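Listed below are the residues making up each chain.
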Number of protein chains: 2
Amino acid sequence: MNKLNVVGQSVERPDAYDKVTGGKGYPVNVRLPGMLHGKMLRSPYAHARIISIDASRAERLPGVKAVLLPRDVPQVKFCPVYFVPVQAPSMVLDFDVMNPEIVRYVGQPVAAVAATSAEIAEAALDLIDVEYEELPAIFDPEEAMKDGAPQLHPDAPNNIAKNPSFAYGDLDQGFADADYVFEGVYETQRVHTCYMEPRVCVVDMDRQNNVTIHVTTQHLFGTREKLAFALGLPESKVKVVKSPYIGGGFGGKLELTAMEPVAALLSKKAGKPVRLEHTRHEDFITTTRNPIKVYLKTGVKKDGTFTARYAKSILDCGAHATHGSEVIMVHGAFGLFFNYHAPHQKWEGYTVYTNNMIGGGYRGYGAPQGSFAVESQIDEICTKLGLDPIEMRLKNARKQGEPHPFNPAFTLATYGLEDCLRQGAEKINWSKARSAPRSEGSKKRGFGLAVHPVWVSGCMGFPDIYEHSGAIIKLNRDGTADLSSASMDIGSGQITTLCQIAAEELGLPAGAVRMSSCGDSDNLPFDAPTHASRVTYSSGNAVKAAAAAAKKRLFDVAATMMEVSPDDLESCNGRVNVKGSPDKSISIAEIAQRAESPFVQMTAEGPKPTTIEEKGTIIGVASLAPKSNPTPCAAQFVEVEVDTETGEVKVLHAVYAHDIGRAINPKAAEGQVEGGFQQGMGYALMEQIQFDPETGACLTSDFLDYKMPTAMEMPRKMDSIFIETDEPTGPFGAKSLGECCVITPAPAIANAIYDAIGVRFTQLPITPEKILAGLGKL
Amino acid sequence: MNKLNVVGQSVERPDAYDKVTGGKGYPVNVRLPGMLHGKMLRSPYAHARIISIDASRAERLPGVKAVLLPRDVPQVKFCPVYFVPVQAPSMVLDFDVMNPEIVRYVGQPVAAVAATSAEIAEAALDLIDVEYEELPAIFDPEEAMKDGAPQLHPDAPNNIAKNPSFAYGDLDQGFADADYVFEGVYETQRVHTCYMEPRVCVVDMDRQNNVTIHVTTQHLFGTREKLAFALGLPESKVKVVKSPYIGGGFGGKLELTAMEPVAALLSKKAGKPVRLEHTRHEDFITTTRNPIKVYLKTGVKKDGTFTARYAKSILDCGAHATHGSEVIMVHGAFGLFFNYHAPHQKWEGYTVYTNNMIGGGYRGYGAPQGSFAVESQIDEICTKLGLDPIEMRLKNARKQGEPHPFNPAFTLATYGLEDCLRQGAEKINWSKARSAPRSEGSKKRGFGLAVHPVWVSGCMGFPDIYEHSGAIIKLNRDGTADLSSASMDIGSGQITTLCQIAAEELGLPAGAVRMSSCGDSDNLPFDAPTHASRVTYSSGNAVKAAAAAAKKRLFDVAATMMEVSPDDLESCNGRVNVKGSPDKSISIAEIAQRAESPFVQMTAEGPKPTTIEEKGTIIGVASLAPKSNPTPCAAQFVEVEVDTETGEVKVLHAVYAHDIGRAINPKAAEGQVEGGFQQGMGYALMEQIQFDPETGACLTSDFLDYKMPTAMEMPRKMDSIFIETDEPTGPFGAKSLGECCVITPAPAIANAIYDAIGVRFTQLPITPEKILAGLGKL
């Protein structure tokens, strides 16, 4: 590979200025002329039959322009998750926008209003009279699976929405071969991604059923497909406008909810655009990381070699399966099954309906729940058997050159787990620090580690999941280029990194390629969602291909101008030159000007025609599926301090080593890692959505009720190490980063807490109360 | 050529619904959050020196957010015309946005204000104190050319901005060879295009000099280039948002005016978007068809054969040359010089500065002024020599297969003038009707004809004029396609016709291709302006090429699905089938679905992978210059009734026969012709901007002061005949239509008036006053 000029530089984010000066680019700031404001009435019951709805008083309230009842909503059932086809056979198709008969969780929408102000709409909700007949509700998934429990959906006996399993070998044999067998039950809680920009949309639906929507979404084309289906329209009737960026997503804006179709139908009724913005409480009850309970049993030899692994996972999907159809699969595969080698393995999963709110996608997508179990139990094994936790993991880990664990068509061409462990350990001074004194009064220090050994760079090879990307690159006459991509920047930074990839390929300087801020699902090529750690690798490959197509045209024009063969050219730093002769060069701006000049130019010597072949905007387009799905991997080390008086846990130092193939923008990559740690640490120590156990009502309303780590709680010291293994199928060697970093903090912190105080916690979050209880002080 | 399925159908306009229900798509309806309103202060003097400007009182007015003075405006001179480079050597570079020293016409902007309402901005203008020193002004171009006249620009002695000429042969010899020599002076007036949507822009310019503009423009990229230059920025800092359409243009929105840069600079000063909308009076003084006085001398043989033609044209360009640099060229070439064969010819043109307002582009672009002279004089010759006006024209006309008159690299591959004349004559019953009684009391009927023999399908081959087009076509999974093009629909109908061309090429049914309404100068490929009758031919060829590129990909995917070679496929009516086997077919929707499906699909038999090669949005892109510049041609016949008591002229019947190669959408083509006739008839009979001869002030303020034909005045009977000559270089045989139809009405009507009452009028408009005066009744 040639020397890289732009890739590998910590180029400044072009969106920084707008973001710190108010953020014109966020959908929450969209205002359309004549726009109305919508609000949804939600069920106060966890399970009830709707007897009647009377909205006549609401309709008479001055300022109310439309009232929407369930009978106004097309009654179709589908999977609202963006990354799969709307009726994907692999998913559970149980979602509806507004059910006219049954409510299944507290907060299910039952009616909606559009009015000239949000206040009037809110007031109108109080004037809608709904008569319910309450039904028995169930909130615990294991109770829900028992015979005799209330049944939530007709096609799901015992409330089991989905029950996948993976297995190979002979489990009994494997446990018989073991010197030791370890068993544990690990439980994780319901948390929210806590994106800063609430879910919001502004929708205009005209009488010809043309729908235009501005919306916080991680996937233009997902919103298009699912919203069209919910409204009973052909896809192309829905135009989803690409916002320059949205205020966070993290998997939390990866499915259609009632909001979008309700706003559309209100708009059509009212004949005006309708804006619908969730309150923070509405966001909390709309999308959360599914709680999973994992029963984990592992057989090991004395030396730490696995002989058998068995796990059973019970996922609480709430009232509808939605993401729970797929989270259970990813959880089983990448949280439990594929992580390590073992001669005999089995996993079974249960996605179970309850009258809790619907779950959702959240960075890591089931893996954090699994990793917490696996990496905690490995720590128990190492402690018990006196094994080195680094060597124990490497002994069972996969190796470079092996077939890809979930798809033998792919190979682990790059796999830097050992480097991650060794370099991470060195950075935190693993051997020395652990033997130093670690107690100061009531404060005990401890060290912990966890790895995430197998992950994805997208969904290539997964059944039913979209995985292709497109890009268009156009050169401007001032030597800049515009990149058009449907890939949504949810804070993940592709505005910066995809432009760097394009600049590197074209030979433009950093900053000369911009992400076009104008586009929609009509005029942009399809891109799969911003999810599954896929953007740098998958969208990056499409961007590189589009840039290569534009470069071909660039070189053709340059070759005519320089009277050489295009094959003899190369480009760098804004200029095209004859290979090996940097002095024989011409600027890219000049070439673009020639390509877009008049056919006949007036010169001092009179009119001078150029050739027709030189004419035409230099533009390249690509749309493709990636050729592989390389796995990144990561090792996480933390040092914690546990206050045995207060139960408070402080993370003093966090070291994260990632094999990401290539860091396109090291600063941006560091930002991803630190953000991931913040979410992982919140999961480990403090975050939890609270419910009333009697009614199932969500008690968490806003960020006063929901504690997540702020700068105050973050470690004073954080180190990110990037192992650059140069993935051959990746753009300039890159694979993915987005999610590994959110998976390991919980087990690493739990392991460090055990190291500090000798108490093992198997239920998240590990709050001060739990610490004190564990220490026998409560 | 295969049978055409979509081309040739009068497909309904997809923009009709929005246009008749309020027109969300017009820039005049754009509102941005926080938007301010701008107003410009304009000079009351035709020629003066600015001594001082004091805006302090205006700045203190509550609600005023920014005041802009000439010193705040970058002082650069350039050509604001969109279709040429901003400093094109062939153009006069004399335009500036706000001159700090000199005003040269009544209405020149001298300051501007942005305020929270248009009313406050207007009130603030009254608080700006400008001290002027008046200078002598000149309003008549022939006076302006005389020695001793006030000099307007330093580089233009005798106020001559430009003085082109064409000649061949020996003029003296030619006149010596003539049996008769005819001389005449023909004068045309200043008129406005009368687009319905006023010039308006909403501009946001941030502190990093990123400019986003929504604007009534005929050319996204022209606005981008000229506005960037006026602001001293690289081109790519300016993003021009494409409106779905604008409310008319007709050449009147084909250059930058002060409005756009002033709004941008106000926006930057105020830190908010600024909207600036012209009043109708401001529009009248901003862009008009240049008045031209033509001295025409023609030598003929007895049989009507031309022996020599000489013309001199004096164009009043007002205070700045702008379009006057090019209108004079087109006028000379296509209004006078190229129309007919003659062994000896000479033309000289003068673009002359006066203290009148600036001229501009207007459909026909100089040709109507020339055609009025030429076609009137031919009528005089025929009358005098007793020649048949059809045969006389055909005798001197060009013929199919000849070299193209202005560029011998091209050939007149198609040329249907004789058919136009014969079929038009038959339609109006030329021979019989003229011999019938034509008088009824005071009302006299008359018949007239005029042709426009040589025109363009764009600017291919013209010096310094942009002429290439681009398009992107993307297929949707529901069997529709989206076309992205920077070609602005100014009412000309390309939303319909370009989509028909794409549908025909792809094999989709009519209506299945939509023009994408989202795009801007960042993400769209360059397209030359909507002008010069170029869109159907030039943009149409690019659209056809983009569709062909998409079709190639479509056939590749279909071939894999059908297990045949792509070469064996054809498409029609939404399906791809094996050539000659319509039963072996597959729908385009299905193919697009396959291309955008997940790589592995779950089926009843388990997961089923497709090939990577099948994956990826079906998308095609093209950007190219056309290969020729074919000439359309037209013959116009009218029957008029002149009321000799009132002087009123009524056009009873208009017949227009056009060789346009192919009518892509016959109804839309008829619309073009009828709209062109409306403008041509207004030019002939009633339209004229009025000036105070003392001060040079424009007295025309609105449509109460400016009479143009409405449905009341239009002929009760109009017939459009399209001669389809199947141009080999055109998309499905098409060449152009947009302008021929506006050129001939004035001479045809003047000739018919002569036929009716025997009086020849050589000054437009032929008002009732002039008729009565010509009849000796005034």
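Given the structure is predicted, the values throughout are model-derived calculations rather than measurements. (Residues numbered from 1 in each chain as written. Chains lettered and ligands numbered in written order. Predicted model: local features only at pLDDT ≥ 70, side-chain atom pairs only at ≥ 80, totals over all residues. Heavy atoms only, no water.)

## Some details on the packing of helix H6 (residues 220-231) of chain A against helix H7 (residues 259-270) of chain A
When two helices pack together, you describe them by how their axes are tilted relative to each other and by the distance separating the axes. Residues and elements named next belong to chain A. Relative to each other, H6 and H7 sit at 55 degrees, their axes nearing to 10 Å. Put simply, H6 runs oblique to H7. Where H6 crosses over H7, the handedness of that crossing is right-handed. Between H6 and H7, the contacting residues are Leu227, Ala230 and Leu231 on the first element and Glu260, Pro261, Ala264 and Leu265 on the second. (Axes fitted to C-alpha atoms, helices over the stretch in contact; angles between N-to-C directions. Helix = DSSP H or I, 4+ residues; strand = E, 2+ residues; numbered from the N terminus. Parallel < 35°, antiparallel > 145°, perpendicular 65-115°, else oblique. Left-handed = near helix turned anticlockwise from the far one by under 90°. Contact = heavy atoms within 4.5 Å.)

## A short note on the side chain of Asp96 of chain A
All names here are of chain A. Here Asp96 shows up in the loop between strand S3 (64-68) and strand S4 (102-103). For Asp96, a relative accessible area of 6% corresponds to the buried category. At 2.8 Å, the side chain of Asp96 and the side chain of Lys77 are in polar contact. Side-chain polar atoms of Asp96 contact the side chain of Asn99, separated by 2.9 Å. In this view, Asp96 contacts Val76, Lys77 and His320; residues no more than four positions away in its chain are not counted. (Buried < 20%, exposed > 50% of the residue type's maximum accessible area, 1.4 Å probe, protein only. Polar contact = N/O pair within 3.5 Å; in protein donor to acceptor, adjacent residues only side chain to side chain.)

## Quick look at the UniProt feature "domain: Aldehyde oxidase/xanthine dehydrogenase a/b hammerhead" (unreviewed entry) in chain A
The sites that carry the UniProt feature "domain: Aldehyde oxidase/xanthine dehydrogenase a/b hammerhead" (unreviewed entry) are, in the present numbering, residues 21-136 of chain A. From the first C-alpha to the last, residues 21-136 of chain A spans 51 Å; its make-up is 11% helix and 29% strand. (UniProt positions renumbered as here; feature names shortened; annotations may be inferred.)

## Section: the sheet that holds strand S22 (residues 569-572) of chain A
Residue and element names in this part refer to chain A. Taken in spatial order, the three strands line up as S22-S23-S24 in an open sheet, and their pairing is antiparallel. Two strands close off the open sheet at either side, each with one partner strand: S22 and strand S24 (581-587). Pairs of neighbouring strands in the sheet enclose a mean axial angle of 35 degrees, with direction left out of account. Bridging between strand S23 (residues 575-578) and S24 involves four bridges; their strand directions are antiparallel. Bridge assignment links Val578 to a residue of S24, and that residue is Ser581. Here helix H15 (residues 535-562) sits on the sheet in contact with S22, S23 and S24, set at roughly 115 degrees to S22. (Pairing = 2+ DSSP bridges.)

## A few points about the packing of aromatic side chains
Within this structure, the stated rule accounts for 46 aromatic pairs over all chains. Seen in terms of ring centroids, Tyr466 of chain A and Phe526 of chain A are 5.3 Å apart; in terms of plane orientation they differ by 65 degrees. Their pairing is edge-to-face. In this pair, Tyr466 of chain A is assigned in the loop between strand S18 (443-452) and strand S19 (469-475) and Phe526 of chain A in the loop between strand S21 (513-515) and H15, connecting sequence segments 60 residues apart. Just as Tyr466 of chain A is buried, Phe526 of chain A falls in that class too. Between the aromatic rings of Phe334 of chain B and Phe338 of chain B, the centroid separation amounts to 5.4 Å while the plane-to-plane angle is 75 degrees, which identifies the pairing as edge-to-face. In terms of burial, Phe334 of chain B and Phe338 of chain B fall into one category: buried. An aromatic cluster of three or more residues is present, and its members are Phe166, Tyr168, Phe334, Phe337, Phe338, Trp347, Phe406, Trp455 and Phe462 of chain A. Across the ring face of Tyr195 of chain A, the terminal group of Lys253 of chain A is positioned such that the distance to the ring centre comes to 4.0 Å. (Phe/Tyr/Trp six-rings, centres within 6.5 Å; stacked < 30°, edge-to-face > 60°. Lys NZ or Arg CZ within 6 Å of the ring centre and 35° of its normal.)

## Describing the relation of the copies chain B and chain A
Once turned by 180 degrees and shifted 0.0 Å along the axis, chain B lies on chain A with an RMSD of 0.1 Å. Read as a symmetry element, the transformation amounts to a two-fold axis. Closest to the rotation axis within chain B is the C-alpha of Gly519 of chain B, separated from it by 3.0 Å. Same-surface contact between copies: 100% of interface residues of chain B are shared with the interface of chain A. (Least-squares fit on C-alpha atoms with pLDDT ≥ 70 in both.)

## Examining the interface of chain B and chain A
Contact with chain B, which involves 67 residues of that partner, is made by 67 residues of chain A. Between chain B and chain A the total buried area reaches about 5400 Å² when both faces are included, carbon and sulfur atoms providing 54% of it. Contact with chain A buries surface across chain B, with Tyr17, Arg477 and Met602 of chain B losing the most and accounting together for 11% of the total. Across the salt bridge formed by Arg477 of chain A and Glu235 of chain B, the nearest N and O atoms sit 2.7 Å from each other. Our count for the contact surface shared by chain B and chain A stands at 32 residue pairs in polar contact (both at pLDDT 80 or more). Those elements giving two or more residues to the side of chain B that touches chain A turn out to be helix H6 (220-231), strand S19 (469-475), strand S20 (481-484), strand S25 (600-603) and strand S27 (619-624) of chain B. Broken down by element, the residue count for the side of chain B that touches chain A peaks at four residues, all from S27 of chain B. Residues that form the side of chain B that touches chain A fall into these classes: 27 nonpolar, 19 polar and 21 charged. (Buried area = accessible area lost by both parts, 1.4 Å probe. Salt bridge = Lys/Arg side-chain N within 4 Å of Asp/Glu carboxyl O. Nonpolar A, V, L, I, M, F, W, Y, C, P; charged D, E, K, R; others polar.)

## So, the sheet that holds strand S27 (residues 619-624) of chain A
Two orientations exist for strands paired in a sheet by backbone hydrogen bonds: parallel and antiparallel. All names here are of chain A. Strand order in the open sheet formed by four strands is S21-S20-S19-S27, with mixed pairing between adjacent strands. Lying at the two open borders of the sheet, with one neighbouring strand each, are S21 and S27. The mean inter-strand angle of the sheet, taken between neighbouring strand axes irrespective of direction, is 20 degrees. Sheet topology places S19 next to S27; six bridges connect them, and they run antiparallel. Bridging from a neighbouring strand, Ala471 pairs with Ala622 of S27.

## So, the pattern of salt bridges
It is possible for side chains of opposite charge to pair when their charged atoms get near one another. One pass over the full model with this rule turns up 81 salt bridges over all chains. Ionic pairing is found between Arg477 of chain B and Glu225 of chain A, a salt bridge with its closest N-O pair at 3.7 Å. Residue Arg477 of chain B is located in the loop between S19 and S20, and its partner Glu225 of chain A is located in helix H6; the two belong to separate chains. Exposure class is identical for Arg477 of chain B and Glu225 of chain A. Each is buried. Close ionic contact of Glu639 of chain A with Arg445 of chain A constitutes a salt bridge, the shortest N to O distance being 2.5 Å. In this pair, Glu639 of chain A sits in strand S28 (residues 633-643) while Arg445 of chain A sits in strand S18, placing the two residues 194 residues apart along the sequence. A relative accessible area of 26% means that Arg445 of chain A is categorised as partly exposed. A cluster of three or more residues bridged by salt bridges with shared partners is formed by Glu225, Lys226 and Glu235 of chain A together with Arg477 and Glu596 of chain B.

## Comments concerning the domain arrangement of chain A
All names here are of chain A. Per the domain assignment, the segments of chain A are domain 1 (411-462 + 629-778) and domain 2 (468-624). Placing a centre on the C-alpha atoms of domain 1 and another on those of domain 2 gives a separation of 40 Å. The interface of domain 1 with domain 2 comprises 21 residues on the first partner and 17 residues on the second. Taken together, both faces of the contact between domain 1 and domain 2 bury some 1400 Å²; the carbon and sulfur share is 65%. Counting the surface domain 1 buries against domain 2, the share from its top three residues, Ile664, Pro731 and Phe732, is 41%. At the junction of domain 1 with domain 2, the criterion picks out seven residue pairs in polar contact (both at pLDDT 80 or more). Of the residues contributing to the side of domain 1 that touches domain 2, the split by class is nine nonpolar, nine polar and three charged. (Domains from an automatic or database assignment.)

## Considerations on the packing of helix H15 (residues 535-562) of chain B against helix H16 (residues 588-595) of chain B
Residues and elements named next belong to chain B. One can describe the packing of H15 onto H16 by two numbers: an axis separation of 10 Å at closest approach and a directional angle of 90 degrees. Between H15 and H16, the angle is such that the two are roughly perpendicular. On H16, the residues that touch Leu554, Val557, Ala558 and Met561 of H15 are Ile588, Glu590, Ile591, Arg594 and Ala595. Residue composition of the contact of H15 with H16, by class: seven nonpolar, no polar and two charged.

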